[in-house]
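# Fold and geometry: a report
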Amino acid sequence: MAGNELNELRGRNARLRQAAQAAVRRTGYMLDDAGAMLLLADRSGVILDATGDSRIRARGEENHLHPGGRWDEAAIGTNAIGTALHLAKPATISGVEHFCEAIQRWSCAAAPISDPRTGRVLGLINISSPSTDTLRRGAAFSVSLALQIEEALRSIGLQEHQRLVDHLLSRGVGRGDEVMLLNRHGQQVWSSLRDAGPDARGSGGPVLPDPAPELDGDVGQLAERMRAALPDAGVDIVSDGKDPIGLIVTLARVGRRRPASDAPDLAAIAGTGAAMAGICAEAQRIVEAGVALLLKGPTGCGKETLARALHADGPLSDLPLEALDCSLLDDLALRGGAATDAVLRLTERGGTLILDEPAETPAAVQPLLVQSLTQLARGAEGRVQVISLSSVPLSERLGEGRLRPDLYFRLSGAVVHLPGLAERREDLPALVAHLAAHCPERRHGGALRFTPAAMLRLQAHDWPGNLRELRNMVERLSATSFSRLIDVADLPPAIAQGRRAGREPTLRDRERAEILDALAECGGNMTGTARRLGISRSTLYLKLEQYGVPRGRR
């Protein structure tokens, strides 16, 4: 095989060579002056790389046992490389067992290397020597090396998996789109499509092509297949900066209502803790009474989720639900644009209007918003429930002169405060279980489970992003975990280390981390933890309360 052709073949097998690099390098040192050589071949039996005893390699070149040599059975008859590839299992061939007389003085042991994700044979590892004594050791050695390389391939796959998820999270997902994230083999990494089966978009939707392991990870060919099968979809190739590693497929959601099964469950929200049960009950009574409701709480604490659940579980569940981001409102939107369309739809039948961050409504637009709300209240054919979501106290903005009094009093009929996660650490186990059970990415098996040590770290974290931060973490872990059991090492560094990322640990950080480690090692047993730390139980209780860590329950 010519040099250019060999280089092209090596390029197509870059992942295999990358995974084998460390094992081949170590083995080369071991086999130096040992009377044997190591060969790495691709799935067609062409040798990609060779290492080992230089004298044996020189002798091997006389019989095409060198990079570029082809050893499939069709080309050269029975031999270890061709037989192992044909049977897809380890093979040893020695002496006259070789079909070709010229290589009957060689003893060879080969073991195939399979892709952990698809099960397809990618190539093999081969130990060759003129000595039959080397063959007995080489058979086990070749299998061990193949397993090492498969484990390296698994690690590379996990790294690509993580980069795909990170890319999707950094890009964001449009609310009006259905999105699929696929790896290089066309296998689903994450999807917003909830329906199962070959027609993943449900009745009447386009049929999605099956995964494509036969493309051998060629993302370009995979993209073409997706574009042919889904001509109306957006197909974007994701690269790790050098090589393509997967696809993002975007399917526009046209004229499709959100399935009722997708609606937030008010009972499930209430079931995450006693505090939320009381909040849900109070908010539900307000909505049933038809009073304008203001949900106030820090960013990411679940205000919109609760608002949608109140609509889905309330008296207006069969009527439209419209949501407006007040920070984006302008004169055009309220004079015939998107906001006007939303108001008209509610005017025709009634329903629920969610106003996100009304305090961020531009000052020049606030009179128009008040006018639209007044017209809606007077002209709607049915009842209209207004639910406002705010991360800042509207009364403060009123006092600062940044919010009109008539808009403030129209929206603040009743105020319900939603606490951040730092205020409800006891609810973390139930919240995590709920999010894991409803996570879109569960193709690896059941929902995630967290070890007691990992759960303690979650409960000690401050959660500045609240539920949004927690949901992102659970979705990322669900997309990347194969064991489905999450330990401390699997958590994001800022959580696992027990301190905020981006600053040096303080004495308080180190003490809290030491207490958490001891508590985890003792399985939550307070007596054992206090004994390990050399303090009294009462001191341990005071420290846990000081650091906001709930006491573990055995």
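Fair warning: this is a prediction, and the values are worked out from it, not measured in the lab. (Residues numbered from 1 in each chain as written. Predicted model: local features only at pLDDT ≥ 70, side-chain atom pairs only at ≥ 80, totals over all residues. Heavy atoms only, no water.)

So, about the overall build of the protein chain. From N to C terminus, the protein chain includes 21 helices and 16 strands. Within the protein chain, the proportion of its 554 residues that are buried is 48%. Pairs at least 24 apart in sequence give 66% of the contacts found in the protein chain among residues at least 6 apart. (Helix = DSSP H or I, 4+ residues; strand = E, 2+ residues; numbered from the N terminus. Buried < 20%, exposed > 50% of the residue type's maximum accessible area, 1.4 Å probe, protein only. Contact = heavy atoms within 4.5 Å.)

To continue, consider the pairing of strand β14 (residues 414–417). Alternating residues of β14 divide into Ala 414 and Val 416, all buried, and Val 415 and His 417, none buried. In this sheet, β14 lies alongside strand β10 (residues 293–296) in parallel orientation, the contact comprising four bridges. Across the sheet, Leu 294 pairs through a bridge with Val 415, a residue of β14. (Pairing = 2+ DSSP bridges.)

Let us look at unusual backbone geometry. A positive phi angle is found at Trp 463, which is not glycine, with a value near 50°. Examined against the element boundaries, Trp 463 turns out to sit in the loop between α16 (452–460) and α17 (466–480). For Asn 466, which is not glycine, the phi torsion reads 55° and is therefore positive. Relative to the helices and strands, Asn 466 resides in helix α17.

A few words on the confidence of the model for the protein chain. Segments scoring low in pLDDT should not have their predicted coordinates read at a detailed level. Taken residue by residue, the protein chain gives an average pLDDT of 82. The fraction at 70 or more is 86%. Scored below 50 in pLDDT, residues 194–205 shows 18 contacts in the model against residues more than four places distant or in partner chains. The model gives residues 253–261 a pLDDT under 50, and that stretch makes nine contacts with residues more than four places away or in other chains. (pLDDT = per-residue confidence, 0-100.)

To continue, consider the sheet that holds strand β12 (residues 351–356). Spatially, β11-β12-β13-β10-β14 is the arrangement adopted by the five strands of the open sheet, whose pairing is parallel. Because the sheet does not close on itself, it has two edges, and the strands there are β11 (321–325) and β14. The sheet shows a mean angle of 20° between the axes of neighbouring strands, taken without regard to direction. Contacting β10, β13 (384–390) and β14, helix α9 (residues 274–288) crosses the sheet at an angle of about 160° to β14. Helix-sheet contacts for helix α10 (residues 303–312) involve β10, β11, β12 and β13, and the interaxial angle to β13 is about 165°. (Axes fitted to C-alpha atoms, helices over the stretch in contact; angles between N-to-C directions.)

On to helix α12 (residues 366–379). Between its terminal C-alpha atoms α12 stretches 20 Å, which fits the 20 Å expected from 14 residues at 1.5 Å a residue. Among the residues making up α12, those that are buried are Gln 366, Leu 368, Leu 369, Val 370, Ser 372, Leu 373, Thr 374 and Leu 376. Check the buried side of α12 and you find it contacts α11 (338–349), β12, β13 and α14 (405–411). (Expected span 1.5 Å × (residues − 1).)

Let's shift gears to α11. The end-to-end C-alpha separation of α11 is 17 Å, in line with the 16 Å expected for 12 residues at 1.5 Å each. Where α11 is concerned, the buried positions are Ala 339, Thr 340, Ala 342, Val 343 and Leu 346. Taken down its axis, α11 places every buried residue within 160° of arc, on the same side. Across from the buried face of α11, at angles greater than 90 degrees, the exposed residues are Ala 338 and Glu 348. In the core, the buried residues of α11 are packed alongside β11, β12, α12 and β13. A positive phi of about 95° marks Gly 350, the residue just after α11. (Arc of directions from axis to C-beta.)

Looking now at the packing of helix α15 (residues 428–437) against α17. Closest axis-to-axis distance for the α15/α17 pair is 10 Å, and the angle between their directions is 50°. In terms of orientation, α15 lies oblique with respect to α17. For the pair α15 and α17, the sense of crossing is right-handed. Contact residues: Leu 428, Leu 431, Val 432, Leu 435 and Ala 436 in α15; Leu 467, Leu 470, Arg 471 and Val 474 in α17. Here the residues of the contact of α15 with α17 sort into eight nonpolar, no polar and one charged. (Parallel < 35°, antiparallel > 145°, perpendicular 65-115°, else oblique. Left-handed = near helix turned anticlockwise from the far one by under 90°. Nonpolar A, V, L, I, M, F, W, Y, C, P; charged D, E, K, R; others polar.)

How two helices pack is summed up by the angle between their axes together with the distance between the axes. Relative to each other, α15 and α16 sit at 110°, their axes nearing to 10 Å. Put simply, α15 runs roughly perpendicular to α16. Here α15 contributes Leu 428, Pro 429 and Val 432 to the contact with α16, which in turn contributes Met 455, Leu 458 and Gln 459. Here the contact of α15 with α16 is built from residues that sort into five nonpolar, one polar and no charged.

On to the packing of aromatic side chains, then. In this structure the tally under the stated criterion is one aromatic pair. Consider the rings of Tyr 408 and Phe 409, whose centres lie 5.0 Å apart with planes at 75°: the pair is edge-to-face. With relative accessibility at 17%, the residue Tyr 408 sits in the buried group. Residue classification places Phe 409 among the exposed residues on the basis of a relative accessible area of 60%. (Phe/Tyr/Trp six-rings, centres within 6.5 Å; stacked < 30°, edge-to-face > 60°.)

For the rest of this paragraph, the subject is the nonpolar core. With 27 residues, the main nonpolar core has Leu 329, Leu 353, Leu 355, Leu 369, Leu 373, Leu 376 and Leu 407 as its most contacted residues. Mapped by element, the contributors of at least two residues to this core are α11, β12, α12, β13 and α14. Among the elements that make up this core, the one with the highest residue count is α12 (five residues). Those residues in contact with Leu 376 that lie beyond four places of it in its chain are Val 343, Leu 346, Thr 347, Leu 353 and Val 384. The next biggest cluster of nonpolar side chains, apart from the first, holds 23 residues, and it includes Leu 16, Ala 20, Leu 48 and Leu 122. (Core = buried A, V, L, I, M, F, W, Y, C linked by side-chain atoms within 4.5 Å.)

Here the structure, examined in full by the defined rule, presents 18 salt bridges. Between Glu 160 and Arg 15 there is a salt bridge, with the nearest N and O atoms lying 4.0 Å from each other. Here Arg 15 lies in helix α2 (residues 14–31) and Glu 160 lies in helix α6 (residues 132–171), a separation of 145 residues in the sequence. Assessed through its relative accessible area of 7%, Glu 160 is described here as buried. When the shortest N-O distance is used, the salt bridge between Lys 543 and Glu 511 registers 3.2 Å. Of this pair, Lys 543 sits in helix α21 (residues 537–546) while Glu 511 is found in helix α19 (residues 507–521), placing the two residues 32 residues apart along the sequence. (Salt bridge = Lys/Arg side-chain N within 4 Å of Asp/Glu carboxyl O.)

With that out of the way, let us pick up the side chain of Asp 53. Note that Asp 53 resides in the loop between β2 (47–52) and α3 (54–61). Here the side chain of Asp 53 touches Gly 35 through a polar contact of 3.0 Å, landing on its backbone nitrogen. If sequence neighbours within four positions are ignored, Asp 53 has contacts with Leu 31, Asp 32, Asp 33, Ala 34, Gly 35 and Ala 36. (Polar contact = N/O pair within 3.5 Å; in protein donor to acceptor, adjacent residues only side chain to side chain.)

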